[in-house]
Amino acid sequence: MRVHIVFAHPSAASFTRSVLNSFTLGLAAAGHTFTVSDLYAMGFSPVLTQAEYQRESTHEVASPVPADVAAEQAKLNAADAWVFIYPVWWTDCPAILKGWFDRVWTVGYAHHSSAMPQAEHALVLCTAGHAAEYLRGMGFWPAMETVMLGDRIANRAKTRQFVVFDGSEAVDAETWKTRKAEHLAMAMQLGLDLGLSRPTISRPW
């Protein structure tokens, strides 16, 4: 399986980077090939320009998109599965990834006479400081899942999965050490299992 990963974290020493590394180890061990758009390392601009807004708002599907946007769309087109890896900041993805969706999910590609090929699978892996119980209890987890899977991904992928690696700031150091190891083992297993199992999505997306 060909996998394209969109990664959004500015630090090479972050837990989120460790999740990426463990996940790709699993992919490689399973024989999958993958590409990575490391948005911060690329210096990807998340800002929709006036010209881009004009194209989107007037549905000028015949107008070319910027080169960096076309390059991202080509990576998605070449992949069977899409994976998004990022930290949860203020109950959403970092601004650079939100801007990636603003710019790459263009009219004529991701919506309105869509030219985007439907992916076999879309997987969202995000890291969070709060514990899962808190995120669910406050309604944050289902809100994030609905935005990512119900709106941004929707029927652009045949199946969708949302995974949160929680608790980096919600437990003591020793407990986090154990939980971190469990999270990274799970990230690797998700890479190994990609394409073997398809989660049943119960929501109406």
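Placed above this text is the structure.
Residues numbered from 1 in each chain as written. Predicted model: local features only at pLDDT ≥ 70, side-chain atom pairs only at ≥ 80, totals over all residues. Heavy atoms only, no water.

Draft legend 1. Just helix α3 (residues 50-57), in detail. Burial in α3 covers these residues: Glu52, Arg55 and Glu56. The buried residues of α3 occupy an angular sector of 95 degrees when the element is viewed end-on, so they sit on one face. Away from its buried face, by an angle of more than 90 degrees, α3 presents the exposed residues Gln50, Ala51 and Tyr53. Taken together, the buried residues of α3 touch α4 (67-77) and α5 (95-104). Looking one or two residues past α3, histidine 59 carries a phi angle of roughly 55 degrees, positive in sign. (Buried < 20%, exposed > 50% of the residue type's maximum accessible area, 1.4 Å probe, protein only. Helix = DSSP H or I, 4+ residues; strand = E, 2+ residues; numbered from the N terminus. Arc of directions from axis to C-beta. Contact = heavy atoms within 4.5 Å.)

Draft legend 2. Here's a closer look at the side chain of aspartate 166. Of note, aspartate 166 is situated in the loop between β5 (157-165) and α8 (173-193). Among the polar contacts listed, one links the side chain of aspartate 166 to the backbone nitrogen of alanine 132, at a separation of 2.7 Å. Beyond its immediate sequence surroundings of up to four residues, aspartate 166 is in contact with Ala128, His130, Ala131, Ala132, Trp176, Arg179 and His183. (Polar contact = N/O pair within 3.5 Å; in protein donor to acceptor, adjacent residues only side chain to side chain.)

Draft legend 3. Spatial organisation of the environment of tyrosine 109. Within the secondary structure layout, tyrosine 109 lies in the loop between α5 and β4 (119-127). In the structure, tyrosine 109 is positioned 79 residues away from alanine 30 in sequence and 31 Å away in space, judged by C-alpha atoms. Other than its neighbours up to four places away in sequence, tyrosine 109 contacts Gln73, Leu76, Asn77, Val104, Ser114, Ala115, Met116 and Pro117.

Draft legend 4. Up close: the packing of helix α1 (residues 15-29) against α8. Running from N to C, α1 and α8 cross one another at 35 degrees; their axes reach a closest spacing of 6 Å. Between α1 and α8 lies a crossing of right-handed hand. The segment α1 lies against α8, with Phe15, Ser18, Val19, Ser22, Phe23, Leu25, Gly26, Leu27 and Ala29 engaging Trp176, Lys180, His183, Leu184, Ala187, Met188, Leu190, Gly191 and Leu192. Classifying every residue of the contact of α1 with α8 gives twelve nonpolar, five polar and one charged. (Axes fitted to C-alpha atoms, helices over the stretch in contact; angles between N-to-C directions. Left-handed = near helix turned anticlockwise from the far one by under 90°. Nonpolar A, V, L, I, M, F, W, Y, C, P; charged D, E, K, R; others polar.)

Draft legend 5. Just α5, in detail. α5 sits mainly inside the fold: seven of its ten residues count as buried. All buried positions along α5 are accounted for by Ile96, Leu97, Gly99, Trp100, Phe101, Arg103 and Val104. In this structure, the buried side of α5 is in contact with β1 (2-7), α2 (39-42), α3, α4, β3 (81-87) and α7 (140-153).

Draft legend 6. Main features of the pattern of salt bridges. According to the stated counting rule, one finds ten salt bridges in the structure shown. Glutamate 56 is the salt-bridge partner of arginine 55, the closest N and O atoms lying 3.0 Å from each other. By relative accessible area, which is 8% here, arginine 55 ends up buried. With a shortest N-O distance of 2.7 Å, arginine 103 and aspartate 68 are connected by a salt bridge. With arginine 103 in helix α5 and aspartate 68 in helix α4, this pair connects stretches of sequence that are 35 residues apart. On the basis of relative accessible area, arginine 103 is assigned to the buried category, the value being 4%. The class of aspartate 68 is partly exposed, set by a relative accessible area of 29%. (Salt bridge = Lys/Arg side-chain N within 4 Å of Asp/Glu carboxyl O.)

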